[in-house]
Amino acid sequence: MEVTALWDERFLEHEPPAGEGEAPWTGRLAVEQPHPDRAVRLRNIRHVLRHELGERVRWRDAPEATDEQLHRVHDPSHVEELRTFCAGGGGRITGGTGANEATYTAARYAAGAAAEAADYAIAHELEDVPYAAVRPSGHHAQPAQVDGFCFFNNVAVAAEEALTHEDVDRVAILDWDVHHGNGTQEIFFDRTNVLTISLHNEHVSWNPEAHTQTGDVDEHGTGNGVGYNVNVPLPPGTGDDGYAAAFDRLVDPIVGQYDPDLLLVSAGGDPGTVDPLGRNVVTKAGFESFGRRARRIAETSASGRLALIQEGGYHPSHLAYATLGTIEGVLGIDSTIDDPFVWLEGDTDSAVAAVDEVVDHYAAWWDLE
């Protein structure tokens, strides 16, 4: 069993403007804070995978997304507007999302890596699982606008690419990033050939005008897609056991009943215990379980096809451990590497109560206990 990581050095050249965290600089403080989405995130991921897993992870050049691949998901005007904006030097687009002159190219290669991961998973199945080690992330990007540090929706590009294969009729997207995958939801909200499941903090909308989606259970799809968009809002403090309950009672049975031809994972590391932009407390061991479960779901319910696509995670050190755990889980490795950041137990009771409520809601469309 191996993992093939798709990579391009251009991912490191994207740099949003500094300020006060996500916010623009006000001058109130003595020192500007770098934006949370920093290149060190990916540098540490790549280094820890090379250092700890060696030849079990092979590195392969990522291709650039074609216009055809991007236009399946995004309005052509959106693609062109981002190109023009970055060619002019970039800057802030929304309060938290900004770009530099390298962002457009990095985003195209990130989307291309995701599409290649889908093709690779279909060709190689579980003997060699692809991991798109990309930046910038994608799951907040909507058809005609950037959002939440995201420019092109990488996992949506991957899903549409997969559906071009004759033997792929249905794709399941599992998003365990701590933030709701609102862009992915928006793109597939009325579709039955793409199932979307998002496990996320109960954070509602952070911008009612540009980010209208709340991530609550009542956003369960529209038209033919009713029931095929599954939101699992989890309370702050949800840890390894709380996520296990969500997998056991929602993810496993729903994906099993849907019976997709490919499982795509939006693999965010920000449910991690010390992430500055999340409020959950998943440990490295928890991420190991995520990887094992994803592989098992793919093996039993997704034609033996699995692809991982990097999303968020903003503690530059813990993200590397979270990603290492995920990949170890996919590879079936019994890890000897502990999480150096564990400090708080999860609130399992609140998480299980939240899962109960989600189960009650989606039992209208799926056989859930």
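Use the structure listed above.
First, a word on scope: everything that follows refers to the structure included in this document. What you see is a predicted model, and the numbers here were worked out from it, not measured in a lab.

Within the protein chain, the secondary structure is distributed over ten helices and ten strands. Its C-alpha atoms give the protein chain a radius of gyration of 19 Å, within 12% of the compact-globule value 21 Å for 369 residues. Each principal axis of the C-alpha atoms in the protein chain carries an extent, and together these give about 50 × 45 × 45 Å. Looking at the protein chain as a whole, 59% of its 369 residues qualify as buried. Contacts in the protein chain between residues far apart in sequence, at least 24 positions, make up 78% of those at least 6 positions apart.

Paired through their backbone hydrogen bonds, the strands of a sheet run either parallel or antiparallel. Strand order across the open sheet formed by eight strands is E2-E1-E5-E10-E9-E6-E7-E8, with parallel pairing between neighbours. Lying at the two open borders of the sheet, with one neighbouring strand each, are strand E2 (57-61) and strand E8 (229-234). Neighbour-to-neighbour, the strand axes of the sheet open up by a mean angle of 20°, direction not taken into account. Sheet topology places strand E1 (residues 2-7) next to E2; five bridges connect them, and they run parallel. In the strand pairing of E2, Ala5 is matched with Trp59. Contacting E1, E2, strand E5 (128-132), strand E9 (263-267) and strand E10 (306-310), helix H4 (residues 103-124) crosses the sheet at an angle of about 175° to E5.

So, on to the layout of surface pockets. Approximately 300 Å³ is the volume found for the largest pocket. Lining the largest pocket are 19 residues, and of these Glu22, Gly96, Gly148, Phe149 and Trp206 sit closest to its centre. Within the lining of the largest pocket, the residues separate by chemical class into six nonpolar, nine polar and four charged.

What follows covers the state of the cysteines. Throughout the structure, instances matching the rule amount to zero disulfides. The thiol sulfur of Cys86 is not disulfide-bonded, and the nearest other cysteine sulfur, from Cys150, lies at 14 Å.

Right, let's get into the packing of aromatic side chains. Considering all chains together, one arrives at twelve aromatic pairs under this definition. Relative to Trp365, the ring of Tyr362 lies with its centre 5.9 Å away and its plane at 55°, an arrangement referred to as tilted. The buried category is assigned to Tyr362, whose relative accessible area is 0%. Ring pairs connect the aromatic residues Trp176, Tyr243, Phe247, Phe287 and Phe290, which therefore count as one cluster. Sitting over the ring of Trp59, Arg46 keeps its end group 5.1 Å from the ring centre. The side chain of Arg170 reaches across the aromatic face of Tyr258, ending 5.9 Å from its centre.

What counts as what
- Residues numbered from 1 in each chain as written.
- Predicted model: local features only at pLDDT ≥ 70, side-chain atom pairs only at ≥ 80, totals over all residues.
- Heavy atoms only, no water.
- Helix = DSSP H or I, 4+ residues; strand = E, 2+ residues; numbered from the N terminus.
- Rg over C-alpha atoms; globule rule 2.2 N^0.38 Å.
- Buried < 20%, exposed > 50% of the residue type's maximum accessible area, 1.4 Å probe, protein only.
- Contact = heavy atoms within 4.5 Å.
- Pairing = 2+ DSSP bridges.
- Axes fitted to C-alpha atoms, helices over the stretch in contact; angles between N-to-C directions.
- 1 Å grid on protein atoms, 1.4 Å probe; cavity = no way out; pocket = protein on both sides within 12 Å on 5 of 7 lines; lining within 4 Å.
- Points joined across faces, edges and corners; volume = space filled by probe spheres on them.
- Nonpolar A, V, L, I, M, F, W, Y, C, P; charged D, E, K, R; others polar.
- Disulfide = S-S within 2.5 Å.
- Phe/Tyr/Trp six-rings, centres within 6.5 Å; stacked < 30°, edge-to-face > 60°.
- Lys NZ or Arg CZ within 6 Å of the ring centre and 35° of its normal.

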